[in-house]
Amino acid sequence: MSLRRDRLLAALTLLVGAGVALATPFALKSGAEFFLPVTAALVIAVALVPVLEWQERHRIPSPIAALVCVLLFLIAANIALAAIVVPATEFFRLLPERIDRIQSNVAPLLDFYANLQHYVDSTIEKLASGPVGRAEQATVAPPNSLLELAATSAPVVIVQLFFGILVVYFFLAGWTKTRERTITNRSSFGGAMATARVIQAVVDDVSAYLGTITFINACLGLFVAFWLWMVGMPYPLMWGGVIALLNYIPYFGPIVAALLMALGGLMTFTDIWMAMVPPAIMIGCHLVEANVVTPLIVGHRLTINPLMILVSLSFWGWIWGTPGALLAVPLLIIMQTVIGAAGKPDIAGFLFEHGTLTTHRRRIDEPVPEEQA
């Protein structure tokens, strides 16, 4: 009877967990206006906890320490955005004037794709010339200008940013008391110690990852900007900032950065081979960073399965787009740390052996069997 009861509870737990797992992505996607700023703010706040604790050790009150952390983050973010956005406005202003130069550089490719498109269009026209009529399509009028688009979307963005900043501040201001309350409310000393270890592991791993990757990306951006300045590429700091920002997205970010560098090179230089020098610089620097610098600095502590990174990028990118892709790895680190400390579900044991969904873990004070000693 006890075994049957355990299997029934395990089956119900598995069914409820599967239902929640299937429904959660759609809830996160439909409620992105709420969940995205909250999640981003919590990740940023967790990364700022070491700075908060350093101030508290120097007898700075928690509300003031939290305000200092928020101000430091805002100053750094605004400096980075100013280095990118201000030159980017001039870059996009010159884009229509440089179309002729880009076309002359890629004329052979344009001719090839023009002939291919003509062949495809003629084939589709022949196939569609039958009795089946063309379906009517509803048209949506696009914004008349970039200013109109910004004016319609800016209020929502401003509200979300302000909401996220408030979440960061109040999370940091109440961090110490919330952590102490969470630990002391455990019913046993072992539970309190396990909770403290999980909290500290999450803070250490997230702050270490974001701090290290931010430092590496900043150095990569400055190094690439220097070489772009050496070859005569305009706005080198803007390109360095774009590369540093996109490098937060594993695998796909450097590809997009290389394509943007190729576009910038085609806009700047009249020679096609010279136009390919900026993306070549970016790719070369990224290969050195990804294969030598990052493994040397990060080491094996934060090593993550590449398959899990791809799955996380695909999942969070599908839910929240580019912001979700930027948050994919930090969220993966948080989940990996919590699961590693709490224990993984033993689904195989439930299906084939034990009849439960939890792996039995030996307690610290439990004696080791003689055959294992």
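Residues numbered from 1 in each chain as written. Predicted model: local features only at pLDDT ≥ 70, side-chain atom pairs only at ≥ 80, totals over all residues. Heavy atoms only, no water.

(A) Region of interest: the overall build of the protein. A count of helical and extended segments in the protein gives 14 helices and 0 strands. Ordered by position from the N terminus, the helices and strands of the protein form the series α-α-α-α-α-α-α-α-α-α-α-α-α-α. For the protein, buried positions account for 30% of its 373 residues. By sequence separation, contacts in the protein at least 24 residues apart represent 69% of the contacts at least 6 residues apart. Approximately 24,500 Å² of the protein is accessible, and the part contributed by carbon and sulfur atoms is 71%. (Helix = DSSP H or I, 4+ residues; strand = E, 2+ residues; numbered from the N terminus. Buried < 20%, exposed > 50% of the residue type's maximum accessible area, 1.4 Å probe, protein only. Contact = heavy atoms within 4.5 Å. Areas by Shrake-Rupley, 256 points an atom, 1.4 Å probe, with all protein chains shown as cover.)

(B) Just the confidence of the model for the protein, in detail. Chain-level pLDDT for the protein is 76 on average; 70% of the residues reach the 70-or-more range. Within the protein, helix H14 (residues 347-352) has the poorest average pLDDT of any element, 56, and helix H2 (residues 32-57) the best, 89. Counted against residues more than four places away or in other chains, residues 132-140, with its pLDDT under 50, gives 0 contacts. Confidence over residues 142-151 falls short of pLDDT 50; this stretch has 2 contacts with residues more than four positions distant or in other chains. (pLDDT = per-residue confidence, 0-100.)

(C) Examining the pattern of salt bridges more closely. One pass over the full model with this rule turns up 1 salt bridge. Note that Arg179 and Glu53 form a salt bridge whose closest N and O atoms lie 2.8 Å from each other. Of this pair, Arg179 sits in helix H7 (residues 175-184) while Glu53 sits in helix H2, and the two are 126 residues apart along the sequence. What makes Glu53 buried here is its relative accessible area of 14%. (Salt bridge = Lys/Arg side-chain N within 4 Å of Asp/Glu carboxyl O.)

(D) Inspection of a nonpolar patch on the surface at higher detail. A surface patch of nonpolar side chains, about 570 Å² in accessible area, is lined by Phe215, Val288, Val292, Val293, Leu296 and Ile297. With 5 residues, helix H12 (residues 277-298) is the largest single contributor of residues to the nonpolar patch. Val293 gets classed as partly exposed once you look at its relative accessible area, which sits at 30%. (Patch = residues over 30% accessible without salt bridge, like charges linked within 9 Å, V, L, I, M, F, W, Y side chains within 5 Å.)

(E) Geometry of the packing of aromatic side chains. Tallied over the entire structure, the rule returns 10 aromatic pairs. Ring geometry for Phe34 versus Phe163: centroids 6.2 Å apart, planes at 40 degrees, classification tilted. One end of the pair, Phe34, is in helix H2; the other, Phe163, is in helix H6 (residues 146-173), and 129 residues separate them in sequence. Phe163 sits in the partly exposed class, given a relative accessible area of 32%. (Phe/Tyr/Trp six-rings, centres within 6.5 Å; stacked < 30°, edge-to-face > 60°.)

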